[in-house]
Amino acid sequence: MLVTRRAKAIGVVVADLTSPLYAPTIAAIQERSAARGYRMALIRDPEDALDTDATEVLSEAIVDGVIFMSATEGSETAARIAAQMPVVLLSRDVSGLAVDAIVSEDHAGGELVANHLAELGHRRIAVSHRPTQREQGPRP
């Protein structure tokens, strides 16, 4: 590491560790990272956690870059880390933050699904949404 100045490690920041959507993505990131000789450090989103020094922890982490799976609009943590190392936003695009972002076309995808179901003759279509911890608020 001293010679190459590379840690061969990436940080992955998530908000809700209980979300069934994160697990397969985290597993895929870990698998592909390992195949390329990288290690992965999983970090709970500092803006959701009680760790007030989380930005400092991320800054001191020995990683070559960070993937934020949970950055929200106005994320101070993502902005601070992006000033120090490469950052990629996954499933979010924070305006004003000049980093790469991978986002899905949720609206267009939903429209495709609804149109497909309508073409199959379905007329009563519902959408189910499992609220995240952030949407649910603090637990009693």
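Definitions and limits used
Residues numbered from 1 in each chain as written. Predicted model: local features only at pLDDT ≥ 70, side-chain atom pairs only at ≥ 80, totals over all residues. Heavy atoms only, no water. Core = buried A, V, L, I, M, F, W, Y, C linked by side-chain atoms within 4.5 Å. Buried < 20%, exposed > 50% of the residue type's maximum accessible area, 1.4 Å probe, protein only. Helix = DSSP H or I, 4+ residues; strand = E, 2+ residues; numbered from the N terminus. Expected span 1.5 Å × (residues − 1). Pairing = 2+ DSSP bridges. Right-handed = clockwise from strand over helix to strand, strands pointing away. Axes fitted to C-alpha atoms, helices over the stretch in contact; angles between N-to-C directions. pLDDT = per-residue confidence, 0-100. Polar contact = N/O pair within 3.5 Å; in protein donor to acceptor, adjacent residues only side chain to side chain.

J.: Is there a simple way to think about the nonpolar core in this case?
T.: Grouped together as the largest cluster of nonpolar side chains are 13 residues, with contacts concentrated most on Val 66, Phe 68, Ile 81 and Leu 89. Sorting the residues of this core by element identifies strand S1 (9-14), strand S3 (65-68), helix H3 (76-82) and strand S4 (87-90) as the ones contributing at least two each. Formed by 10 residues, the second largest nonpolar core is a distinct cluster that contains Val 14, Ile 29, Ile 67 and Met 69.

J.: Whenever I open this one, helix H4 (residues 106-119) confuses me. Can you help?
T.: Residues three or four positions apart in an α-helix share a direction because the helix packs 3.6 residues into each turn. Between the first and last C-alpha of H4 there are 20 Å, a value that for 14 residues agrees with the 20 Å anticipated at 1.5 Å per step. Downstream of H4 by one or two residues, Gly 121 has phi in the positive range, about 100 degrees.

J.: Hey, could you run me through the pairing of S1 in this one?
T.: Put simply, side chains in a regular strand alternate between the two faces of the sheet. Burial runs high along S1: 6 of the 6 residues are buried. Of the two faces of S1, the one carrying Ala 9, Gly 11 and Val 13 and the one carrying Ile 10, Val 12 and Val 14 are both buried. One ladder, built from 6 bridges, connects S1 with strand S2 (residues 39-44); its direction is parallel. Within the sheet, the bridge partner assigned to Ala 9 lies in S2 and is Arg 39. For the crossover that starts at S1, traverses helix H1 (residues 22-35) and ends in the parallel S2, the hand is right-handed. Both S1 and S3 contribute to a ladder of 4 bridges, which runs parallel.

J.: I tried to follow the sheet that holds S2 on my own but got confused; where do I start?
T.: Consider a sheet: its strands pair through backbone hydrogen bonds, and that pairing is either parallel or antiparallel. Taking strand neighbours across the sheet as the criterion, the 5 strands line up as S2-S1-S3-S4-S5 in an open arrangement whose pairing is parallel. Since the sheet does not close on itself, it has two edges, and those belong to S2 and strand S5 (100-102), each with one partner. This sheet shows a mean twist of 20 degrees between the axes of neighbouring strands, independent of strand direction. Relative to S5, S4 is paired through 3 bridges, and the arrangement is parallel. Opposite Val 88, over in S5, you have Asp 100 as the bridge partner.

J.: Even after reading the chapter, I still don't get the confidence of the model for the protein, so can you show me in this structure?
T.: Parts of the prediction with low pLDDT should not have their coordinates interpreted in detail. Averaged over every residue, the pLDDT of the protein is 77; residues scoring 70 or more account for 70%. By mean pLDDT, helix H5 (residues 133-136) is the weakest element of the protein at 52, and H1 is the strongest at 92.

J.: What exactly am I supposed to notice about the side chain of Asp 64 here?
T.: Along the chain, Asp 64 turns up in the loop between helix H2 (54-60) and S3. Side-chain polar atoms of Asp 64 contact the backbone nitrogen of Lys 8, separated by 2.7 Å.

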